[in-house]
Amino acid sequence: MTLNLLVIDTSAGTSIAILRGSDVLGEVNVADTKLHAESIGTAIAQALVLAGLKGSEIQAVVVGRGPAPFTGLRVGIAAGTVFAQAVGARLFGAVSLDALAWAALQDPELAAKVSTRTPLLITSDARRSEVFWALYTGLSSNGVPMRTDLPAVNKPAALDELLIDRNVDAVRLDAHTEVTGPATSQSFEGAAIGTALGRVAQALLVEGELGHDTSALYLRAPDAVLPKPHARYGKAEYSKPVLAGGGSTSNSDGGSTASANEVGGAE
Amino acid sequence: MSDLFVGEFGLRPAVEADLAAIMTVEHECFGNDAWSEANMHLELVAHHTFYWVATAQLDEGTERVVAYAGLSKLPGGEQSDVQTIAVAPEFRGRGLGRRLMNRLIAEARRREATDMFLEVRADNPVAQALYASLGFETIDRRRAYYQPDGVDAIVMRAPLEPINSQPVVLGIESSCDETGVGIVRGTTLLANVISSSMEEHARYGGVVPEIAARAHLEALQPTIHSALAEAGLTFADVDAIAVANGPGLAGALMVGVGAAKALAAALDKPIYAVNHLVGHVGVDILERGEVKSPTIALLVSGGHTSLLLVNDLLDDVQLLGETIDDAAGEAFDKIARIMGLKYPGGPEIDRVAASGDPKAVRFPRGLTLPKDMAKHRYDFSFSGLKTAVARHIEVTENTQQAALSDQQTADIAASFREAVVDVLISKAVAACLDHNVPRLLLGGGVIANARLRALAAERCAANGIELRVPAFKLCTDNGAMIAALGAQLVMHGRQASDLDFGVDSTLPVTTVQS
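Residues numbered from 1 in each chain as written. Chains lettered and ligands numbered in written order. Predicted model: local features only at pLDDT ≥ 70, side-chain atom pairs only at ≥ 80, totals over all residues.

(A) The overall build of chain A, seen in detail. Along its length, chain A carries six helices and 11 strands. In chain A, buried positions account for 48% of the 267 residues. Sequence-distant contacts, at least 24 apart, represent 68% of the contacts inside chain A between residues at least 6 apart. (Helix = DSSP H or I, 4+ residues; strand = E, 2+ residues; numbered from the N terminus. Buried ≥ 20, exposed ≤ 12 C-beta atoms within 10 Å, placed from the backbone. Contact = placed C-beta atoms within 7 Å.)

Right, here's the structure in full:
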């Protein structure tokens, strides 16, 4: 495959890679997980310089869809979507956890341990003491990580129970250190995954399975609590008056921000 | 999901294969005046001519040419000519002529033409008005030019600005619940497309930051697409990118900033990170060509209530005061909810208040007592007012042992609105008088409130203050204001922002550019 492929993933840090066939033309990784908006432009520009390419020479863009903390994840998806739009490149989405699985399975020793009965469990920090996770049974002949299900989010204890229920004895890898898994876990560097995600995308393309869906894998609904139906201060409840009809003639006020006690943290 | 404000017409360079479709429109439009197919063919393939077609999407995969326009520009020459422009009759009145003309102007400027000429039938006032609005002036008249009808031709000419003095800037705004993309050329508005997630927030009674950020991510690509289409431009015509990086909701701002930076990197164009609130002031440029300074600016929305002293748009903007609790728009939303009205509260309270007496209840004016005025002369507070309204409703209902009547509801709405509007305008006018500034500029979504505009007009007139209220679509959050401010920075020779700027949810107004 000789496409100039730009990969953008902000599921952990900010990771940019430009691949053509088996060559990595440029790769920029910013490990900080709170500087996506700051890093994204410079990282893309630097990767293009390293690759010796102009933006218009990028023919396809792959964005990492997570799952990952939302705020940072969106920065990469927004950047990749608009980059592809600007240069007329084809736009694809891939699951970020698949890149971690792909990278792990490059280790022959580890790959030898992984099977349907002993799948690879990739976890990453989902905050709120939860982890995003997915199970893999190995690589396909084209090198695509074979994921058993869509990624999910759970508390580590609930995940453990779930695996016991499935009678699965997984090889565990954590992408982050914030959530400490069971003692059997090995630590795993998850920030620099752009190139790995690119390899997954190339393999998926060979299989005709690389999708155009670039939507973020949030896996959680936005945290917002519906306001109490009646917010009057008085204790008495009288039937509501029927207001004079007539359509609203003026436009929106722009909307106010729901107050803190009604809206929890986003992630 | 998103509401986009323009129809889906595509614009692309004409190719030889379009000849038959172009001739169909040519005959529909010009009848016995039409060019021959042979002549049109020569026009399409010549090296010094540039033809564009507008296409409508009929159904899956089928497009139809519905308009076209052609430009002639000889290499090395300074003059460019509009060869022809035509819009099929059933597609007129949708801005296609303007889009195609903008397209030709961009093409001519890129090819370093300094003037553009055209001829138009003397009996076509609609076309003449369009050209005049694009900067064309009548310079000559040719008698009986159009035959066999014997109609005169009006010759018009427009000077074309060089690219760097009239930069095309694409601006992105994502600080709250509106995804805005605007395009300007210098001080001229070319496109202003807004996609709002307001309806998704309605059931929560206020903007939910995570919902707003998710909506931005979905809306950005189509909103950029629509803005370019509305302007009749392509990415290649864009000279610079501008983006709001604060103040606002951090997670929402980051979506716009990420996209803007990717655009800058993809197109290798400079990027300008600009202040959202100063953008609300700068938008006046698009209607008056400049922001007359000094001016006092009162910016009132669901997220902000700020009073600014603008001595110079790019170099000297000061915050005189702001709300110390709720924004004014937020107060409208909360009171609307207490009264059982819909979200957003502003238009609802405006509607109910129409038949009410604003003097029926004297609600408190926040931070207007002498002791407050010493410390908070230009600050606002609406939380006490909110409590007072709630308390009043409770006492009234308990006393009469019945729910409010329609008239009572209308009176409370009108009295509440009067309290908000009175304190906003009083403090804004006081700022004008204190600083000896004879101008007041209004901005923000709450400007939609009819009573606020009326009272501002009344008090400004009484005090000899010139009042500026931009068109409503430029008052609410929008990308055009960001583009307009960005274009000012380019035109004043300012350095582009470094690509590694971040977002700042509390960015001070003194930082016009990050």
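Still to come is the rest of the account.
(B) Layout of the sheet that holds strand S17 (residues 466-468) of chain B. All names here are of chain B. Spatial strand order, S15-S14-S13-S16-S17: five strands in an open sheet with mixed pairing. Here the strands that pair on one side only, and so sit at the sheet edges, are strand S15 (316-322) and S17. The sheet shows a mean angle of 20 degrees between the axes of neighbouring strands, direction not considered. Pairing analysis gives four bridges linking strand S13 (residues 295-300) to strand S16 (residues 439-443), with the strands arranged parallel. Bridge assignment links Ala297 to a residue of S16, and that residue is Leu441. Sitting on the sheet, helix H14 (residues 406-434) touches S13, strand S14 (305-312), S15 and S16, and the angle it makes with S13 is about 160 degrees. (Pairing = 2+ DSSP bridges. Axes fitted to C-alpha atoms, helices over the stretch in contact; angles between N-to-C directions.)

(C) A look at the interface of chain A and chain B. Contact with chain A, which involves 58 residues of that partner, is made by 80 residues of chain B. Counting only elements with at least two residues in the side of chain A that touches chain B, the list comes to helix H1 (36-51) and helix H2 (70-87) of chain A. Looking at the side of chain A that touches chain B, the element that brings in the most residues is H2 of chain A, giving 14 residues. Along the lines of polarity and charge, the residues of the side of chain A that touches chain B split into 29 nonpolar, 21 polar and eight charged. (Nonpolar A, V, L, I, M, F, W, Y, C, P; charged D, E, K, R; others polar.)

(D) Highlighting the environment of Leu135 of chain A. Residue and element names in this part refer to chain A. Within the secondary structure, Leu135 is located in strand S7 (residues 131-139). For the pair Leu135 and Gly26, spaced 109 residues apart in sequence, the C-alpha separation works out to 30 Å. When residues no more than four places from it in sequence are discounted, the contact partners of Leu135 are Pro119, Leu121, Arg147, Thr148, Asp149 and Ala170.

(E) Representation of helix H6 (residues 209-231) of chain B within the structure. All names here are of chain B. Bending of H6 peaks at approximately 45 degrees at the position of Ala219, with proline Pro222 no more than four residues after it. In terms of residue burial, H6 counts as a mostly covered element, since 20 of its 23 residues are buried. One or two positions beyond H6, positive phi appears at Gly232, with a value near 70 degrees. (Bend = angle between axes of the 7 residues up to and from the residue.)

(F) Quick peek at the environment of Ala448 of chain B. Following the sequence through the fold, Ala448 of chain B ends up in the loop between S16 and helix H15 (450-462). The sequence separation of Ala448 of chain B and Pro508 of chain B amounts to 60 residues, and the corresponding C-alpha distance is 25 Å.

(G) Focus on unusual backbone geometry. Residue Gly66 of chain A is joined to Pro67 of chain A through a cis peptide bond whose omega torsion reads 5 degrees. Here Pro67 of chain A lies in the loop between strand S4 (60-64) and H2. Omega for the bond connecting Gln147 of chain B with Pro148 of chain B falls within 30 degrees of zero, at 5 degrees, which places this linkage in the cis form. Checked against the element boundaries, Pro148 of chain B lands in the loop between strand S6 (137-146) and strand S7 (151-159). Positive phi outside glycine occurs at Arg128 of chain A, with the angle close to 50 degrees. Positive phi, close to 55 degrees, is recorded for Ser129 of chain A, a residue that is not glycine. Checked against the element boundaries, Ser129 of chain A lands in the loop between strand S6 (120-125) and S7.

(H) Structural detail: the sheet that holds strand S8 (residues 168-173) of chain B. All names here are of chain B. Taken together, the five strands give an open sheet; going across it, the order is S10-S9-S8-S11-S12, and neighbouring strands pair in mixed fashion. Two strands bound the open sheet, and with one partner strand each, they are strand S10 (188-196) and strand S12 (271-274). Along the sheet, successive strands turn relative to each other by an average axial angle of 15 degrees, direction set aside. With four bridges connecting them, strand S11 (residues 240-244) and S12 associate as parallel partners. What sits directly across from Val243, in S12, is Ala273. Its contacts with the sheet put helix H7 (residues 250-267) on S8, S11 and S12, and the angle it makes with S11 is roughly 170 degrees.

(I) Structural context of the nonpolar core. Ranked by internal contacts, the top residues of the largest apolar core, which has 248 residues, are Ile44, Val61, Phe83 and Ile122 of chain A together with Ala67 and Tyr68 of chain B. At 15 residues, the largest contribution of residues to this core is made by H14 of chain B. If near-sequence neighbours (up to four positions away) are discounted, Tyr68 of chain B is found in contact with Ala14, Ile22, Val25, Tyr51, Trp52, Val53, Ala54 and Ala86 of chain B. (Core = buried A, V, L, I, M, F, W, Y, C linked by C-beta atoms within 7 Å.)

(J) How the structure looks around the pairing of S10 of chain B. Residue and element names in this part refer to chain B. In terms of burial, S10 is a largely internal element, eight of the nine residues being buried. Of the pairings in the sheet, the one linking strand S9 (residues 178-185) to S10 comprises eight bridges and is antiparallel in character. Each bridged residue has a counterpart across the sheet, and for Ile183 the counterpart in S10 is Ala191. The hairpin turn running from S9 into S10, its antiparallel successor, is two residues long, and Gly186 in that turn takes a positive phi close to 65 degrees.

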